[in-house]
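An overview of the molecular structure
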Amino acid sequence: MAAVLDTIDATRCPLCGEQNRCAMEVARETGEPQPPCWCMATDFRNAPLAALPPESRGKACICARCAAGTPASPQD
């Protein structure tokens with residue numbers, strides 16, 4: 001299980017694998033202050049949080065599309 005935790009990319013959504021564009025993660029990685037993250041003004045009520053793998057919880061942010069409950073289209 002530790003190997004799984006070591007492979008989590010905090011810059012990618014654990015649900016779809018797309019970049020999550022988390023300003024807080026960018027600030028943590030670069031040490032550069034960032035404007036408030038998009039997630040601070042987002043409604044997560046439609047997010048499929050139950051589908052979030054347990055090993056990813058608290059390790060990586062979901063992306064805006066998944067937060068809105070909008071699945072990726074096949075061409076994405």
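Just above sits the structure.
Throughout this document, residue positions are counted from 1 along each chain, in the order its sequence is written. In view of the model being predicted, local features appear only for residues whose pLDDT reaches at least 70, and side-chain atom pairs are presented and counted only at 80 or more, with totals across whole chains, interfaces and linings using the full set of residues. To get the side-chain values, take all heavy atoms of the structure and skip hydrogens and water.

**So, the pattern of salt bridges**
Salt bridge, as used here, is a side-chain nitrogen of Lys or Arg placed within 4 Å of a carboxyl oxygen of Asp or Glu. Counted by the stated rule, this structure contains three salt bridges. Between Arg12 and Asp9 there is a salt bridge, with the nearest N and O atoms lying 3.9 Å from each other.

**Things to note about the environment of Gly58**
Among the structural elements, Gly58 can be located in the loop between helix H2 (23–30) and helix H3 (64–67). As a C-alpha pair, Gly58 and Ala10 span 48 residues in sequence and 9.6 Å in three-dimensional space. Helix numbering and strand numbering both begin at the N terminus, where a helix is a DSSP run of H or I of at least 4 residues and a strand a DSSP run of E of at least 2.

**Structural notes on unusual backbone geometry**
With a phi close to 55°, Arg21 is a non-glycine residue in the positive phi region. Mapped onto the elements, Arg21 comes out in the loop between helix H1 (2–6) and H2. Residue burial is assigned from relative accessible area. The probe radius is 1.4 Å, only protein chains are included, and a residue is buried under 20% of its type maximum, exposed over 50%, and partly exposed in between. Exposure remark for Arg21: the relative accessible area of 63% places this residue in the exposed category.

**Focus on the side chain of Ser56**
Structurally, Ser56 is set in the loop between H2 and H3. For Ser56, a relative accessible area of 8% translates into the label buried. Any pair of residues with heavy atoms lying within 4.5 Å of one another is described as a contacting pair. Apart from residues no more than four positions distant in its own chain, Ser56 is found in contact with Ile8 and Pro14.

**Quick word on the state of the cysteines**
In a disulfide, the sulfur atoms of two cysteines are held together by a covalent bond. Two cysteine sulfur atoms make up a disulfide if the distance between them is within 2.5 Å. Evaluation of the coordinates by the stated rule reveals zero disulfides. Considering cysteine sulfurs only, Cys63 is the nearest to Cys66, which forms no disulfide, with 3.7 Å between them. Taking relative accessible area as the criterion, Cys66 reaches 9% and is therefore assigned buried.

**Here we look at the nonpolar core**
Remark: nonpolar core denotes a set of buried residues (Ala, Val, Leu, Ile, Met, Phe, Trp, Tyr, Cys) joined through side-chain atoms within 4.5 Å. Counting seven residues, the largest nonpolar core is built from Cys13, Ala47, Leu52, Ile62, Cys63, Cys66 and Ala67. Those residues in contact with Cys63, other than ones at most four positions away along the chain, are Cys13, Cys16, Gln19, Asn20 and Trp38.

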